[in-house]
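Fold and geometry: a report
Spelled out, the chains give:
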Amino acid sequence: MRKLNKLSIFDECMNSELSEREMRETVGGYGGTNDCFFDCMAYITEQFGGSSTPSYFMNDYVNGAGNLNDSWEGTKVPGDGLYGPSMFDESGALNEDIANYMSNYFDIVDNTSGSGGWTTGDTDISSLFDDEKTGSGFIMGAYRVDESTSHAVIFESYSDGVYTYYDPSTGTRGSASGGDVLGAIKATGLREEETDKEE
């Protein structure tokens with residue numbers, strides 16, 4: 001059996017409507033089911049006492065068919081469900097849709113220096129661990145795995161330029177260098193609509 005690299009898998013198997021850049025720059029591009037962002041959404045929801053599956057969030061993100069108490073209409077981009085949402089927008093900035101979507105389900109900390117709810121930069125991201133300033137909660141972060149792949153996880157701590165994380169996609173813990181971290185969003189609770197829906 002021939003060993004395929006990511007590019008040849010894209011060429012032979014993936015949705016040809018996505019450009020190579022779009023496929024490579026997905027939050028969910030770390031292998032497996034490619035839904036790490038949606039796994040993080042489900043994990044955070046569960047930690048706050050709610051219950052929604054990654055597939056629920058995936059369907060809602062793409063089609064706007066989940067939480068009917070918000071104005072989210074979905075991205076209508078099939079690849080966002082198949083490969084995870086794109087980490088960057090066309091201008092190269094962090095994808096605001098990710099933060100906007102999360103704010104439909106969670107109270108999120110106002111960003112300190114990012115765009116669209118993302119917190120960027122080691123100093124600002126590490127400040128999200130200060131619960132006295134930002135409230136207690138869970139930090140969904142994305143880090144660069146390699147030149148073409150990013151991965152969403154739950155950051156648990158920060159020390160000396162290194163973030164430790166829990167990966168809901170694999171159930172494992174690991175660490176990421178601050179230089180590889182692209183951005184983070186802190187959720188401090190379920191939004192009222194989500195709480196009402198789940199009860």
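Preceding this section is the structure that the text describes.
Residues numbered from 1 in each chain as written. Predicted model: local features only at pLDDT ≥ 70, side-chain atom pairs only at ≥ 80, totals over all residues. Heavy atoms only, no water.

For the structure shown, the criterion picks out 19 aromatic pairs. Ring centres of Phe48 and Phe106 lie 6.4 Å apart, and the angle between their planes is 50 degrees; on these two criteria the pair is classed as tilted. Here Phe48 is found in the loop between helix 3 (36-47) and helix 4 (54-63), whereas its partner Phe106 is found in strand 1 (residues 106-108), with 58 residues between them in sequence. Judged by relative accessible area, which is 24%, Phe48 ranks as partly exposed. Its relative accessible area of 1% is what places Phe106 among the buried residues. Here a set of aromatic residues connected by ring pairs shows up, and it is made of Phe37, Phe38, Tyr56, Phe57, Tyr61, Trp72, Tyr101 and Tyr105. (Phe/Tyr/Trp six-rings, centres within 6.5 Å; stacked < 30°, edge-to-face > 60°. Helix = DSSP H or I, 4+ residues; strand = E, 2+ residues; numbered from the N terminus. Buried < 20%, exposed > 50% of the residue type's maximum accessible area, 1.4 Å probe, protein only.)

Side chains that are nonpolar tend, in soluble globular proteins, to be buried together. Core analysis: the biggest nonpolar cluster contains 31 residues, and Phe37, Trp118 and Met140 have the highest contact counts within it. For this core, the secondary structure elements donating two or more residues are helix 3, helix 4, helix 6 (96-105), strand 2 (138-146), strand 3 (149-159) and strand 6 (181-190). The next biggest cluster of nonpolar side chains, apart from the first, holds 12 residues, and it includes Ile125, Phe155, Tyr165 and Ala184. (Core = buried A, V, L, I, M, F, W, Y, C linked by side-chain atoms within 4.5 Å.)

The next point concerns the sheet that holds strand 4 (residues 162-167). Within the open sheet, the six strands sit side by side as 1-6-2-3-4-5. Their pairing is antiparallel. Here the strands that pair on one side only, and so sit at the sheet edges, are strand 1 and strand 5 (172-177). Averaged over all adjacent pairs, the angle separating strand axes in this sheet is 45 degrees, with direction ignored. Bridge count for strand 3 against strand 4 is five bridges, and the pairing is antiparallel. When the sheet's bridge partners are listed, Ser159 is paired in strand 4 with Val162. Strands strand 1, strand 2 and strand 6 of the sheet are contacted by helix 6, whose axis makes an angle of about 125 degrees with strand 1. (Pairing = 2+ DSSP bridges. Axes fitted to C-alpha atoms, helices over the stretch in contact; angles between N-to-C directions. Contact = heavy atoms within 4.5 Å.)

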